[in-house]
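# Architecture and fold: a report
Chain by chain, the residues:
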Amino acid sequence: MADTKDEVIQQMALALGRDSGVPEGWAKIVAVVRIAPGTFGGWSKAYMADDTPVNFYTEDEPFPTYAKRLNDLMIDDDGKSWVACKVTLIRETRDINVLVEYDNPKVWDTPLPF
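This structure, assessed with the given rule, holds two salt bridges. Note that Arg-34 is salt-bridged to Asp-109, the shortest N-O span being 2.6 Å. Taken as a pair, Arg-34 in strand 1 (residues 26-36) and Asp-109 in the segment after strand 5 (95-101) lie far apart in primary sequence, 75 residues in all. Notably, a salt bridge pairs Lys-80 with Asp-103, separated by 2.4 Å at the nearest N-O pair. With Lys-80 in the loop between helix 2 (62-73) and strand 4 (84-90) and Asp-103 in the segment after strand 5, this residue pair connects regions lying 23 residues apart in the sequence. For Lys-80, a relative accessible area of 35% corresponds to the partly exposed category.

Here it is in structure tokens:
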């Protein structure tokens, strides 16, 4: 298993991009993970080449395992771990962007479509 934060981010991104729940032909993926004691959740959305959004569920085990490992590695000096993490993958450029939030677990919640 990956040992450093950067290694875990790389493995998490690979797992997300290869997850069997991701729709074919994606151009960008945005996934939000929320971790609290005893709970793990979030949402994920793929954007196609024409920027059409497609909601999907991650179906394979590696992505949540790496997200939990990243959470463990990023405990701050006060012993606090993050409560939300936003991962963005850009297929064409192979960019990976990871943002974490230590206080507000709903920071990246999306409004309901109705």
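Further remarks concern helix 2. End to end, helix 2 covers 16 Å across 12 residues, agreeing with the expected 16 Å (1.5 Å per residue, within 8%). Among the residues of helix 2, Phe-63, Pro-64, Tyr-66, Ala-67, Leu-70 and Asn-71 are the ones counted as buried. Angularly, the buried residues of helix 2 cover 160° about the axis, an arc narrow enough to put them on a single face. Where helix 2 is buried, its residues contact helix 1 (5-18), strand 1, strand 2 (39-48), strand 4 and strand 5.

This part takes up the layout of surface pockets. Here the largest pocket defines a volume of roughly 310 Å³. Contributing to the lining of the largest pocket are Gln-10, Ala-13, Leu-14, Gly-17, Arg-18, Trp-26, Leu-89, Ile-90, Arg-91, Arg-94, Asp-95 and Ile-96. Breaking the lining of the largest pocket down by element, the ones donating at least two residues are helix 1, strand 4 and strand 5. Taken together, the residues that form the lining of the largest pocket break down as six nonpolar, two polar and four charged.

Moving on, we get to the side chain of Asp-19. The residue Asp-19 is located in the loop between helix 1 and strand 1 in this model. In this structure Asp-19 is buried but unpaired, with Arg-18 as the nearest side chain of opposite charge at 11 Å. Among all residues touching Asp-19, those that are not within four sequence positions of it are Tyr-57, Thr-58, Glu-59 and Asp-60.

Parameters and conventions
- Residues numbered from 1 in each chain as written.
- Predicted model: local features only at pLDDT ≥ 70, side-chain atom pairs only at ≥ 80, totals over all residues.
- Heavy atoms only, no water.
- Salt bridge = Lys/Arg side-chain N within 4 Å of Asp/Glu carboxyl O.
- Helix = DSSP H or I, 4+ residues; strand = E, 2+ residues; numbered from the N terminus.
- Buried < 20%, exposed > 50% of the residue type's maximum accessible area, 1.4 Å probe, protein only.
- Expected span 1.5 Å × (residues − 1).
- Arc of directions from axis to C-beta.
- Contact = heavy atoms within 4.5 Å.
- 1 Å grid on protein atoms, 1.4 Å probe; cavity = no way out; pocket = protein on both sides within 12 Å on 5 of 7 lines; lining within 4 Å.
- Points joined across faces, edges and corners; volume = space filled by probe spheres on them.
- Nonpolar A, V, L, I, M, F, W, Y, C, P; charged D, E, K, R; others polar.
- Lys, Arg positive; Asp, Glu negative; His and termini not counted.

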